[in-house]
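# Observations on the model geometry
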Amino acid sequence: MAAPPPPTDAELDAYIKIRYALVGIDLSTLPENDPAAPMDQARVMANARSTIRQEVQYSDYVPDQQAHAAVLYPAPFAVWTGEYKP
């Protein structure tokens, strides 16, 4: 099965605006494109598109089967496994 094509900027913009509206964020209160403003609509949308695209890349991560799993308490574990020699 072939992977679907990546979404276009317009498709991502529609998704982002819907998600922001669902949580009560109104982007129309920001200027459309003002480099002097701390944040504007163009930068918010560009940042959100970038974040979504990065999340998709992260989901493609395949962990190494030979890697050590994280341990909640590494010091006692190191003593128990004999990796730590006082």
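Up top is the structure.
Let me begin by describing the structure that accompanies this report. Computed from a predicted structure; not experimentally measured.

Between its first and last C-alpha atoms helix H1 (residues 9–22) spans 20 Å; for 14 residues at 1.5 Å apiece the expected length is 20 Å, and the two agree. Those residues of H1 that fall on the buried side of the exposure criterion are Leu12, Asp13 and Ile16. One side of H1 holds all its buried residues, which, seen down the axis, span an arc of 105°. Within H1, the exposed residues directed more than 90 degrees away from the buried face are Ala10, Ile18, Ala21 and Leu22. Considering only its buried residues, H1 is in contact with helix H2 (41–59). Two residues or fewer after H1 comes Gly24, characterised by a positive phi angle close to 90°.

For the structure shown, the criterion picks out 4 salt bridges. Among the ionic pairs, Asp9 bridges to Arg53, the shortest N-O distance being 2.7 Å. A residue pair is termed long-range when its members are at least 10 positions apart, and Asp9 in helix H1 and Arg53 in helix H2 qualify at 44 residues. Its salt-bridge partner being Asp40, residue Arg43 comes within 3.1 Å of it at the nearest N-O pair. The class for Arg43 is partly exposed, based on a relative accessible area of 32%. Several salt bridges share partner residues, and in doing so they unite Asp9, Asp13, Arg49 and Arg53 into one network.

Rules used throughout
Residues numbered from 1 in each chain as written. Predicted model: local features only at pLDDT ≥ 70, side-chain atom pairs only at ≥ 80, totals over all residues. Heavy atoms only, no water. Helix = DSSP H or I, 4+ residues; strand = E, 2+ residues; numbered from the N terminus. Expected span 1.5 Å × (residues − 1). Buried < 20%, exposed > 50% of the residue type's maximum accessible area, 1.4 Å probe, protein only. Arc of directions from axis to C-beta. Contact = heavy atoms within 4.5 Å. Salt bridge = Lys/Arg side-chain N within 4 Å of Asp/Glu carboxyl O.

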